[in-house]
Each structure stands twice: as structure tokens, then as C-alpha cells.
Amino acid sequence: MIRIGTAGIPSVVKTSQEAIPWLREHSLGAMEVEFVRGVKMSTETAKKLGELSKKNNVALSVHAPYYINLCNPEKREASVKRILDSAKRAEFFDGPVVVHAGFYGKSDHCFDDVLEACEEMASKTSATIGLETMGRTSQFGTLDELLPIVKKVDGCVPVVDFAHIYARNFGRIDYDEILDKVSYLKHVHAHFSGINYGDHGEKNHEPIGHPDFTELAKRLLKRKMDITLICESPLLEKDALKMKSILESLK
Ligand SMILES: [Zn+2]
């Protein structure tokens, strides 16, 4: 099954509670709850939202705060706390808590730091921890860096951000290579959008266009992928609906 959803609340409604039925009515099957500027939802609300999402068959995931760096010893404890706070809400949802692991900085042991933090966090939550592939060359998180970690830690998965991979490779992407690498998963959680890039990789997300969605959609259908695609375009639900219609037109 291919689910397409929005990163946050569609612009036409105001709350997550309103968003879920709206998404269902428009044949969108997912939403990522954004805690990017802090975890502001109570666990009580998350529980209610989880129940509503199951009734409406809209899969929810969580995006943890941006202010996280597992590679910096001074920021690690607060980072783990932010992720676990997010995870406590995600425990009521079907999808993972999506995490930007950190920046290399001067550290030469980023890999070990992220691995250790993931082992600790996975032992403390039943939510799946999703490590996102990152778009800037300063950020830890190419798919090849993340795979050995997520394969080692139970309850940890890679989150494939196709736009980030494209930006980090300066406008190149091999969808088949990526999909092969994550084919060991029963279900893939992914992000998609257009993107602008420069010498250091990602600059900003853009409306869908580059990388090409049609090429990805063809492969997802051919492989009968079980995948959730969260649209992170600035046009949000407009582009999610566009992705949905491209997908339908290829069936
Ligand atoms: Zn992200």
C-alpha cells in the first residue's frame, strides 16, 4: 500500500483533529505531526488523536524537534530527552518518531554516538525511532551511514528523504539503488518534496519538480512497495494531492 500524507496540518484546516477527517475525505492516508519547534502536545491529546487516526485510517507519525545533536556530548542528554518526549506521543500512533540525528562538527565518533543513543532510546520507548537521511554535507545521515545503525538496533528504521538524498548528491538520485537498500523493511517511511541545493547540499524545500516524482511513483508501483510518503513541499496538501493524482494516473 502506498500512503501519501502531509508534513503537519493541511493549510485549509486549523487543528490535527480537523486534519484527520479532511485527509481521509481527500484520499490522503497519512500525516506527520510536527514537533519541530518543541513538543507542545499532551500525551492525553496524542492518545485521542491516535484513536481518531485509526478510525479514519490515516497513519500518524511524529517529527521530533530540529534542535537535536546526538554527536555533541554537551547536547546529547537534552537531545535524547526531546526525542523521548516526542516518542511518548508517537507511542499512540502507527508511524515512527522521525529524528535528525546530528552534525559531525569536530567529532570523529558520530556513528558510535548515534548508535549508542539509539540503543538507549529504543530500550525506553515502544515507538519506532526513524533516523532521517539528511540533505546537508555537515549533517550525519547518508543512507549508508544510517543502515548499519538501524539494522543493529531493534525498533529503529531509516526514514528515506528522497529530496535530501538528491540534494546531498548535487542533483543525482538512483531510486532503484535506494529502494533495493531498504527492501529488507516490511514498511518504509519516507519524505518527498522538491529541493534547492548548493555546494553544501540542501538549501531549502521547494514545490515538487526535482527530484522527479513520476519516476519514483513508477518504481513504487512496480515493486508493490508498502510505503508512506510524507509531502514536505511548501505547498503541502496541494502537492500531496498532486502526488496522489500522479500515482493514480500510473495505475
Ligand atoms: Zn526531517
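Here, every reference points to the structure presented above.
Bear in mind that the values here come from a model prediction, so they are computed numbers and not experimental data.

Trainee: I would appreciate a short explanation of the overall build of the chain in the present structure.
Mentor: Along the chain, the regular secondary structure elements total nine helices and twelve strands. Buried positions account for 54% of the 251 residues belonging to the chain. Counted over contacts in the chain with a minimum sequence separation of 6, partners at least 24 positions apart contribute 77%. Accessible surface computed for the chain: about 11600 Å², of which carbon and sulfur atoms make up 50%.

Trainee: What exactly am I supposed to notice about the coordination of the zinc ion here?
Mentor: Under perfect tetrahedral coordination by four donors, a metal shows angles of 109.5 degrees; under perfect octahedral coordination by six donors, it shows angles of 90 or 180 degrees. For the zinc ion, the full set of protein donor atoms is His63 (NE2), His100 (NE2), Glu132 (OE) and Glu132 (OE), and the range of their distances to it is 2.1 to 2.6 Å. Each of the four donor atoms bound to the zinc ion contributes to angles spanning 54 to 150°, and the resulting shape is irregular. Binding-site remark: the zinc ion is held by donors from one chain whose sequence spacing is H-x36-H-x31-E. Placement of the pair is histidine 63 in strand 3 (residues 59–63) and glutamate 132 in strand 6 (residues 129–132), with a sequence separation of 69 residues. Judged by relative accessible area, histidine 63 falls into the buried class, the value being 1%.

Trainee: Honestly, the pairing of strand 3 in this entry has me stumped. Any pointers?
Mentor: As a general feature of sheets, a regular strand has side chains that alternate between the two faces. Of all five residues in strand 3, five are buried; the element is thus mostly enclosed. Alternating positions in strand 3 separate into two faces, Ala59, Ser61 and His63 on one and Leu60 and Val62 on the other, with burial throughout. With five bridges joining them, strand 2 (residues 30–34) and strand 3 adopt parallel strand pairing. Considered in strand 3, the bridge of alanine 30 is made with alanine 59. For the crossover that starts at strand 2, traverses helix 2 (residues 43–56) and ends in the parallel strand 3, the hand is right-handed.

Trainee: Would you explain the sheet that holds strand 3 in this entry?
Mentor: Within a beta sheet, neighbouring strands are joined by backbone hydrogen bonds and run either parallel or antiparallel to one another. In spatial order, the strands read 1-2-3-4-6-8-9-12; together these eight strands close into a barrel with parallel pairing. Recorded for the sheet is a direction-independent mean angle of 30° between the axes of neighbouring strands. Looking at chain direction, strand 4 (residues 97–99) and strand 6 are connected through three bridges and run parallel. Looking at strand 6, one finds that valine 97 is bridged to isoleucine 129. The strands touched by helix 5 (residues 143–152) within the sheet are strand 6 and strand 8 (156–161), with strand 8 carrying the most contacts at an inclination of about 160°.

Trainee: Which parts of the structure should I look at to understand the packing of helix 4 (residues 110–122) against helix 5?
Mentor: Between two packed helices, the angle of one axis relative to the other and the distance separating the axes together describe the packing. The N-to-C vectors of helix 4 and helix 5 enclose an angle of 30°; their axes lie 10 Å apart at closest approach. Comparing their axes, helix 5 and helix 4 come out roughly parallel. Here the hand of the crossing between helix 4 and helix 5 comes out right-handed. Taking contact as the criterion, the partners of Phe111, Val114, Leu115 and Cys118 in helix 4 are, on helix 5, Glu145, Pro148, Ile149 and Lys152.

So, how was this worked out
Residues numbered from 1 in each chain as written. Predicted model: local features only at pLDDT ≥ 70, side-chain atom pairs only at ≥ 80, totals over all residues. Heavy atoms only, no water. Helix = DSSP H or I, 4+ residues; strand = E, 2+ residues; numbered from the N terminus. Buried < 20%, exposed > 50% of the residue type's maximum accessible area, 1.4 Å probe, protein only. Contact = heavy atoms within 4.5 Å. Areas by Shrake-Rupley, 256 points an atom, 1.4 Å probe, with all protein chains shown as cover. Donors = N, O, S within 2.8 Å, 3.2 Å for Na, K, Ca; no water. Tetrahedral: all angles 85-135°; square planar, octahedral: opposite > 155°, others 65-115°. Pairing = 2+ DSSP bridges. Right-handed = clockwise from strand over helix to strand, strands pointing away. Axes fitted to C-alpha atoms, helices over the stretch in contact; angles between N-to-C directions. Parallel < 35°, antiparallel > 145°, perpendicular 65-115°, else oblique. Left-handed = near helix turned anticlockwise from the far one by under 90°.

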